[in-house]
Amino acid sequence: MRSLLSFLIFSQLLFIIVYSQENRTISLGPVIGATTNTTARILVEFSFSGNVTCVLNSTSGDTFNDTREVTAGDPVVFKFQNLTPATYYNVSFDPPIEDQVPSYFKTVNRTAPGNLKFGVISCNEYSVLLKKEPEADLWAHLSRKIDELQLDYLIHLGDQVY
């Protein structure tokens with residue numbers, strides 16, 4: 001009986017460990033903010049606790065890392081310095097995040113500020129998009145538009161929940 005009880009406890013522990021490793025998701029974000037020509041801050045809220053490394057990969061091959069201890073449900077800010085001006089960075093995480101939406105940003109080009117291309121959006125009622133594209137994902141749709149219009153920044157003024 002004792003060995004059966006030990007096996008059941010071990011099985012439950014194993015299930016908890018496997019379950020928690022398979023469900024690493026982002027609850028909020030990444031929200032990319034306070035971006036300058038050489039710095040960026042990225043706010044994220046995870047569904048799990050532990051050490052997480054935010055990884056930035058530039059189009060020129062440079063890699064930047066910031067590791068933080070995260071708690072499930074609490075926002076954390078990853079901070080980066082010494083980035084290259086006017087450069088695109090892809091954002092990823094280690095451990096890998098399940099179903100992470102591709103995230104990227106571009107640092108400011110201080111030498112040619114007149115070349116920035118901004119987009120502004122508000123009141124993006126999701127039901128209108130669903131009528132055109134029944135399988136649509138609002139954020140993926142916005143991402144495609146940003147790429148299509150070659151925007152440096154998109155400012156969302158809110159009012160997207162109806």
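Here is what the cut-offs are and how they apply
Residues numbered from 1 in each chain as written. Predicted model: local features only at pLDDT ≥ 70, side-chain atom pairs only at ≥ 80, totals over all residues. Heavy atoms only, no water. Helix = DSSP H or I, 4+ residues; strand = E, 2+ residues; numbered from the N terminus. Buried < 20%, exposed > 50% of the residue type's maximum accessible area, 1.4 Å probe, protein only. Contact = heavy atoms within 4.5 Å. pLDDT = per-residue confidence, 0-100. Pairing = 2+ DSSP bridges.

A. Geometry of the environment of I121. As for its position among the elements, I121 is in strand 8 (residues 118–121). On the basis of relative accessible area, I121 is assigned to the buried category, the value being 18%. I121 sits 36 residues away from L157 along the chain, and the two C-alpha atoms are 6.1 Å apart. Sequence-distant contacts of I121, defined by excluding residues within four places in its chain, comprise L142, L154, I155, H156, L157 and G158.

B. Inspection of the confidence of the model for the protein at higher detail. Here the protein averages 79 in pLDDT, while 76% of its residues score no lower than 70. Mean pLDDT in the protein bottoms out at helix 1 (residues 2–22), which sits at 42, and peaks at strand 4 (residues 63–70), which reaches 97. Taken together, the stretch residues 1–20 has pLDDT below 50 and engages in 0 contacts with residues farther than four places along the chain or on a different chain.

C. Looking closely at the pairing of strand 2 (residues 40–46). Most of strand 2 sits inside the fold, with 5 of its 7 residues counted as buried. Across 5 bridges, strand 1 (residues 26–33) lies against strand 2 in antiparallel orientation. From the neighbouring strand, I26 faces strand 2, where its bridge partner is F46. In textbook terms, the turn of a hairpin is the stretch between consecutive antiparallel strands, and for strand 1 and strand 2 this stretch comprises 6 residues, one of which, A34, has a positive phi near 50°. Sheet analysis places strand 2 next to strand 5 (residues 75–80), joined by 6 bridges and oriented antiparallel.

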